[in-house]
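# Notes for the structure review
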There are 2 protein chains.
Amino acid sequence: MTENGTEFDPATLKFNSDGLIPAIIQDVANGQVLMLAWMNEEALRRTIREGRVTFWSRSRQEYWRKGDTSGHKQFVREISHDCDSDTLLIQVEQVGAACHTGERSCFDGRRIAGGDA
Amino acid sequence: MTENGTEFDPATLKFNSDGLIPAIIQDVANGQVLMLAWMNEEALRRTIREGRVTFWSRSRQEYWRKGDTSGHKQFVREISHDCDSDTLLIQVEQVGAACHTGERSCFDGRRIAGGDA
């Protein structure tokens, strides 16, 4: 149910020319941004239905339910879209590490600029 | 300067087929995700050099330094890339609202699912 009480239709989102939309994954526990990955309409429908985050892997061209292999599942707490309906923000309970490198976040330890001023 | 003390070269990032990379903008004050927009290599170079966030507008096909029109500037505090170098995370001091609608975040009030359980 959305804020106005009606069912949200994923087809109303703006997917790109490849049928994909970026999803920002944020740790509900502390607000840390964990990763960004891509969904098609069906991946979003599965994510809503199952309460676990499923992406579309652009490199492997297949659905990828986070944690099925690694155990590092993402349980959905809240999904929002942005003002122009072309980006998703998903707050999750993250089990273990979000990054395949073992880091909690895919952005950990990869600073380009700032933060040391 | 990056974490290992060398200058970061934006050309080492993975830009998409349009020469763009998504940038997640996060409020350094409270961790709120404010928006996602796109940069090309030059927009990132300007952002690093000026300490203010500049995007590439896909719709207008021009550089867009956030806040030049609205006053809602974004001052860079830290920039990181992710593990596969195709997404940026930028922590900012946000002046006023990040969203053109006047909301603090582009995701405010646009819940699709969850959050009301």
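Scroll up to find the structure.
Residues numbered from 1 in each chain as written. Chains lettered and ligands numbered in written order. Predicted model: local features only at pLDDT ≥ 70, side-chain atom pairs only at ≥ 80, totals over all residues. Heavy atoms only, no water.

On to the packing of aromatic side chains, then. This structure, assessed with the given rule, holds five aromatic pairs over all chains. An angle of 75° between the planes, with centres 4.9 Å apart, marks the rings of Trp56(A) and Tyr63(A) as edge-to-face. Geometrically, the ring pair formed by Phe55(B) and Trp64(B) is tilted, given 4.9 Å between the ring centres and 40° between the ring planes. Owing to a relative accessible area of 27%, Trp64(B) belongs among the partly exposed residues under this scheme. The ring of Tyr63(A) has Arg46(A) sitting right over it, with the charged end atom 3.9 Å from the ring centre. (Phe/Tyr/Trp six-rings, centres within 6.5 Å; stacked < 30°, edge-to-face > 60°. Buried < 20%, exposed > 50% of the residue type's maximum accessible area, 1.4 Å probe, protein only. Lys NZ or Arg CZ within 6 Å of the ring centre and 35° of its normal.)

Residues and elements named next belong to chain B. This structure, assessed with the given rule, holds zero disulfides over all chains. Sulfur of Cys 106: no disulfide; nearest cysteine sulfur belongs to Cys 99 and is 3.7 Å away. Here Cys 106 falls in the buried class, since its relative accessible area comes to 6%. (Disulfide = S-S within 2.5 Å.)

Glancing now at unusual backbone geometry. Residues and elements named next belong to chain A. Phi is positive for Gln 61, close to 55°, though the residue is something other than glycine. Topologically, Gln 61 is positioned in the loop between β3 (54–57) and β4 (62–65). Accessibility expressed as a relative area gives 52% for Gln 61, which makes it exposed. The residue Ser 85 is not glycine, and still its phi comes out positive at about 60°. Along the polypeptide, Ser 85 turns up in the loop between β5 (74–81) and β6 (88–94). On the basis of relative accessibility, which here comes to 16%, the residue Ser 85 falls in the buried class. (Helix = DSSP H or I, 4+ residues; strand = E, 2+ residues; numbered from the N terminus.)

Quick look at the relation of the copies chain A and chain B now. In the superposition of chain A on chain B (RMSD 0.0 Å, axial shift 0.0 Å), the rotation amounts to 180°. Here the transformation between the copies is reduced to the relation of a two-fold axis. When each C-alpha of chain A is compared by its distance to the rotation axis, Gly31(A) comes out closest, at 2.7 Å. Mapped onto chain B, 100% of the interface residues of chain A are again interface residues, and the two copies thus contact each other with one and the same surface. (Least-squares fit on C-alpha atoms with pLDDT ≥ 70 in both. Contact = heavy atoms within 4.5 Å.)

Residues in a regular strand point their side chains to alternate faces of the sheet. Residues and elements named next belong to chain A. The buried fraction of strand β1 (residues 21–27) is high, at seven of seven residues. A two-sided burial pattern is seen for β1, the buried positions comprising Ile 21, Ala 23, Ile 25 and Asp 27 on one face and Pro 22, Ile 24 and Gln 26 on the other. Sheet topology places β1 next to strand β2 (residues 33–39); six bridges connect them, and they run antiparallel. Looking at the pairing, Ile 25 lines up with Met 35 of β2. Counting the residues in the hairpin turn of β1 and β2 gives five residues, including Gly 31, whose phi is positive at 80°. Where β1 meets β6, five bridges bridge the pair, whose relative direction is parallel. Residue Ile 25 lies in a different strand from β6, and its bridge partner there is Ile 90. (Pairing = 2+ DSSP bridges.)

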